[in-house]
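Examining the three-dimensional arrangement
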Amino acid sequence: ISFLGGASATIQVNTGVITATAAGQIVVGAFQASDANYAGVLASLTITIVPGQQSLSFGAASYTLLTSQTQTITATNSISGGGTITYSIMAGSGSATVNQATGQILGVAVGDVTLNAQAAATSNYNATSTSVLVTIYASTPVLSLSIVGGLSLTVDGFAQAIASSNPSTSTTQQTIVYSVIAGSGFALVDTVSGQLTGTAAGTITVTATALANGNYNEAITSTVVIIGKRTPTLQFSPQPNAMVVGV
């Protein structure tokens, strides 16, 4: 075999079976040896080797993901040393982002998206692509609750409930509301700001709730706060500077 234009192939000399390994042209020669009746002869054939087909496949028929969750989903090329694989997202009823190089997906909105994988063409293989369905479900954020001034809260005193969310509310777009469950004590709470006003000494339970929306589930957290007794201030009125005996 002789090779043209970067082509490559192997041949089994006894059977003539040719295996193409690189695109281009090859010239195959066959020689018939002479015998008592016939002279030897040489024949040649030019064969053009065209690029082959790559095949991509994902490991599962479909995938699931939660909002704000990341997952790396990659495709496998049937050809060792095939074209570079890149990834993209086609939005459907849901939304997601993907790292083009690694296939890492971030769930953004509930619903379905399509993950596309494309293998680039090479000198020996044509470009190819495949896709898989990814269904995104609502996740539940984690809330934490702190009470600023809670250790010194007394009747008629003030404290501040502050809830934080992971992911943050700027990501989840959830509204947090505050409430109080009376125990042996009681307090008033501003449901929006979380400001507490002690009204009766004892224990209360302060609760923060992140309200559910289309992409995130409701999340609740609570903590117990002790309301102390208030010490009143006493003074005489009027305040005499002197007194007379018998008066």
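Description of the sheet that holds strand S20 (residues 186-189)
- Reading across the sheet, the four strands line up as S17-S18-S21-S20 and stay open at both edges, with antiparallel pairing between neighbours. Only two strands of the sheet have a single neighbouring strand rather than two, namely strand S17 (142-148) and S20. Neighbour-to-neighbour, the strand axes of the sheet open up by a mean angle of 30°, direction not taken into account.
- Of the strand pairs in this sheet, S20 and strand S21 (residues 195-200) are connected by four bridges, and their pairing is antiparallel. Its bridge partner lying in S21, Phe186 is registered against Ala200.

Overview of the pattern of salt bridges
- Across all of its chains, the model carries one salt bridge by this definition.
- Close ionic contact of Arg230 with Asp156 constitutes a salt bridge, the shortest N to O distance being 3.3 Å. Highlighted residues: Arg230 in the segment after strand S23 (219-227) and Asp156 in the loop between S17 and strand S18 (158-166), separated in sequence by 74 residues.
- Under the relative-accessibility criterion, Arg230 is labelled exposed at 53%.
- Its relative accessible area of 47% is what places Asp156 among the partly exposed residues.

Concerning the environment of Gln71
- Position of Gln71 relative to the elements: it lies in strand S9 (residues 70-72).
- Taking relative accessible area as the criterion, Gln71 reaches 27% and is therefore assigned partly exposed.
- Measuring from C-alpha to C-alpha, the distance between Gln71 and Gly29 comes to 54 Å, with 42 residues separating the pair along the chain.
- If near-sequence neighbours (up to four positions away) are discounted, Gln71 is found in contact with Tyr63, Thr64, Leu65, Gly103, Gln104 and Ile105.

Let's talk about the nonpolar core
- Ranked by internal contacts, the top residues of the largest apolar core, which has 19 residues, are Leu145, Ile176, Tyr178, Ile204 and Val206.
- Contributions of two or more residues to this core are made by S17, S18, strand S19 (176-182), strand S22 (202-210) and S23.
- When residues no more than four places from it in sequence are discounted, the contact partners of Ile204 are Val180, Ile181, Gly183, Gly185, Phe186, Ala187, Thr223, Val224, Val225 and Ile227.

Reading the values: rules and limits
- Residues numbered from 1 in each chain as written.
- Predicted model: local features only at pLDDT ≥ 70, side-chain atom pairs only at ≥ 80, totals over all residues.
- Heavy atoms only, no water.
- Pairing = 2+ DSSP bridges.
- Helix = DSSP H or I, 4+ residues; strand = E, 2+ residues; numbered from the N terminus.
- Axes fitted to C-alpha atoms, helices over the stretch in contact; angles between N-to-C directions.
- Salt bridge = Lys/Arg side-chain N within 4 Å of Asp/Glu carboxyl O.
- Buried < 20%, exposed > 50% of the residue type's maximum accessible area, 1.4 Å probe, protein only.
- Contact = heavy atoms within 4.5 Å.
- Core = buried A, V, L, I, M, F, W, Y, C linked by side-chain atoms within 4.5 Å.

So far we have only geometry, and geometry alone does not tell us how the molecule works.
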